[in-house]
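# Fold and geometry: a report
Below are the chains, spelled out letter by letter.
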Amino acid sequence: MLKALIFDVDGTLAETEDLHRQAFNRAFAELGLPWHWDEALYADLLTVMGGKERLAHYIDMQHAPEAKALRGLSPEIHARKTVAYGALVAEIGLPLRPGIARLIAEARAAGIRLAVATTTSRPNVDRLLAANFPPDAAPFDVIAAGDEAKRKKPAPDVFLLALAGLNVAASEAVAFEDSAAGISSARAAGLPVLATRSRYTDSHRLDGAFSAVSDLGEPDRPHRHIAGVAWPGGVVDLAGLVRWHETQDGQSAPVQATGTSR
């Protein structure tokens, strides 16, 4: 029986990554650092999971002679980046990706539990939710964020935290991800994964997902099917997920070799 849906945040709930990039650049400028992360560089840096870890990797790779001193500055850089990200969300707005709000509403109406499993920090999650849901909505029953997990994705830790908080078995849930590392993380936790493409993970292989689509789709704006399970009308809805889950007996047939399909 399908009891829960577990969502990644960055690139899955919303196209957040470019705002994270801009927020890092604001933090660099505030501290007088002559650094600028363009889109190509940021796409490469996203292979490192977690903003703090991404910043440390950049310092080690690009500023090795000063790495020790710069690492001491890293907490302030990241703290300023978090504030800048919140300000950008407030200034620009950050809508949820197609189908996300609809599927969340369907799940809540049906008594399906909902969770977040993300490598990003909790304040970033809170900002995104505040921008898209009423103050008293509390759309997610559990939020498992990056700083709570011992290891970042592709390790399964954050998904295991979400499952424990929900008190459901992996075979009773479906995970939603947009990246290769995220899929590996969810699969390592025993979860079947539905994958969507996002701006910064468009070239990622989606091996391990049972279905890969451009987004969850809306009735008037169907998604593009990429591989694996296809969804009637180009829309992933709760009824379709329940039907698929009922045929699985806790097993999922993964997508293979879906590298750069568009």
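Scroll up a little and you will see the structure.
Residues numbered from 1 in each chain as written. Predicted model: local features only at pLDDT ≥ 70, side-chain atom pairs only at ≥ 80, totals over all residues. Heavy atoms only, no water.

### Some details on the overall build of the protein
Stated precisely, the cut-off is as follows: Numbered from the N terminus, helices here are DSSP runs of H or I no shorter than four residues, and strands are runs of E no shorter than two. In this setup the radius of gyration rests on C-alpha atoms only. A globule is expected at 2.2 Å times the number of residues raised to 0.38. Pairs of residues are marked as contacts when any of their non-hydrogen atoms sit within 4.5 Å. Exposure was quantified through the Shrake-Rupley algorithm and a 1.4 Å probe, taking into account, for residues, occlusion by the shown protein chains and nothing else.
A tally of helices and strands in the protein yields 9 helices and 7 strands. In terms of overall dimensions, the protein is globule-like: its C-alpha atoms have a radius of gyration of 18 Å, near the 18 Å expected for 262 residues. With the principal axes as the frame, the protein shows a C-alpha extent of 55 × 40 × 35 Å. A fraction of 65% describes how many contacts in the protein between residues 6 or more apart in sequence connect residues 24 or more apart. Total accessible area computed for the protein in this model is approximately 11300 Å², and 53% of it derives from carbon and sulfur atoms.

### What about the environment of His 57?
Here His 57 shows up in helix H3 (residues 51-62). For the pair His 57 and Leu 73, spaced 16 residues apart in sequence, the C-alpha to C-alpha distance is 14 Å. When residues no more than four places from it in sequence are discounted, the contact partners of His 57 are Leu 45 and Val 48.

### Some words on the pattern of salt bridges
So the rule is basically this: Throughout this description, the term salt bridge denotes a Lys or Arg side-chain nitrogen within 4 Å of a carboxyl oxygen of Asp or Glu. When a residue's accessible area, from a 1.4 Å probe over protein chains only, is under 20% of the maximum for its type it is buried; when over 50% it is exposed; and in between it is partly exposed.
For the coordinates displayed, the defined rule picks out 19 salt bridges. Across the salt bridge formed by Glu 91 and Arg 26, the nearest N and O atoms sit 3.0 Å from each other. Taken as a pair, Glu 91 in helix H4 (residues 67-92) and Arg 26 in helix H1 (residues 17-30) lie far apart in primary sequence, 65 residues in all. Using a relative accessible area of 32% as the deciding quantity, one classes Arg 26 as partly exposed.

### A look at the nonpolar core
Going by this rule: For our purposes a nonpolar core is just a set of buried Ala, Val, Leu, Ile, Met, Phe, Trp, Tyr and Cys residues, chained together by side-chain atoms within 4.5 Å.
In terms of nonpolar packing, the biggest core is built from 38 residues, with Leu 5, Phe 7, Leu 13, Phe 140, Phe 176, Leu 194 and Leu 241 touching the most fellow members. Within the residue set of this core, elements represented by two or more residues are strand S1 (4-7), H1, H4, helix H5 (100-110), strand S2 (113-117), helix H6 (122-132), strand S4 (173-177) and helix H9 (238-246). Discounting residues that sit within four places of it in the chain, Phe 7 has contacts with Leu 13, Ile 100, Leu 103, Ile 104, Leu 114, Ala 115, Val 116, Ala 117, Phe 140 and Phe 176. Ile 6, Leu 163, Ala 189 and Ile 226 belong to the second-largest nonpolar core, a separate cluster that totals 27 residues.

### Comments concerning the packing of aromatic side chains
Basically, it comes down to this: Pairing of aromatic side chains here covers Phe, Tyr and the six-membered ring of Trp, requires ring centres within 6.5 Å, and sorts the geometry by plane angle: under 30 degrees stacked, over 60 edge-to-face, intermediate tilted.
Evaluated as defined, the whole model comprises 12 aromatic pairs. For the ring pair Phe 7 and Phe 140, a centre distance of 6.1 Å and an interplane angle of 70 degrees mean the geometry is edge-to-face. In this pair, Phe 7 sits in strand S1 while Phe 140 sits in the loop between H6 and strand S3 (142-144), placing the two residues 133 residues apart along the sequence. Side by side, Phe 7 and Phe 140 carry an identical accessibility label, which is buried. Between Phe 210 and Trp 244, the aromatic rings sit 3.7 Å apart at their centres with planes inclined by 10 degrees, giving stacked as the arrangement. With Phe 210 in the loop between strand S5 (193-196) and strand S6 (211-213) and Trp 244 in helix H9, this pair connects stretches of sequence that are 34 residues apart. Overall, the relative accessible area of 2% leaves Phe 210 in the buried class.

### As for H3
This is how the line gets drawn: In this scheme, a helix's expected span is set at 1.5 Å multiplied by one less than its residue total.
Here H3 contains 12 residues, and its C-alpha end-to-end distance of 16 Å stays within 8% of the 16 Å for a straight helix at 1.5 Å per residue. Taken residue by residue, H3 has Gly 51, Arg 54, Leu 55, Ala 56, Tyr 58 and Ile 59 as its buried positions. Contacts made by the buried residues of H3 are with H1, helix H2 (39-45) and H4.

### Thoughts on the environment of Val 193
Inspection of the secondary structure puts Val 193 in strand S5. As a C-alpha pair, Val 193 and Leu 103 span 90 residues in sequence and 15 Å in three-dimensional space.

### Section: the side chain of Glu 172
Along the chain, Glu 172 falls in the loop between helix H7 (157-166) and S4. We classify Glu 172 as buried; its relative accessible area is 18%. Setting aside residues no more than four positions away along its own chain, Glu 172 makes contact with Met 1, Leu 2, Lys 3, Ala 4 and His 245.

### Quick notes on the side chain of Ser 214
Quick reminder of the rule: Between N or O atoms, a polar contact is any pair within 3.5 Å; within protein, one atom must be a potential hydrogen donor and the other a potential acceptor, and residues adjacent in sequence are included only when both atoms are from side chains.
Relative to the helices and strands, Ser 214 is located in the loop between S6 and strand S7 (225-228). Exposure remark for Ser 214: the relative accessible area of 11% places this residue in the buried category. A polar contact of 3.4 Å, which involves the side chain of Ser 214, links it to the side chain of Asp 215. In terms of polar contacts, Ser 214 uses its side chain to reach the backbone amide nitrogen of Arg 224, at 2.8 Å. Those residues in contact with Ser 214, other than ones at most four positions away along the chain, are Arg 97, Thr 196, Arg 197, His 223, Arg 224 and Ile 226.

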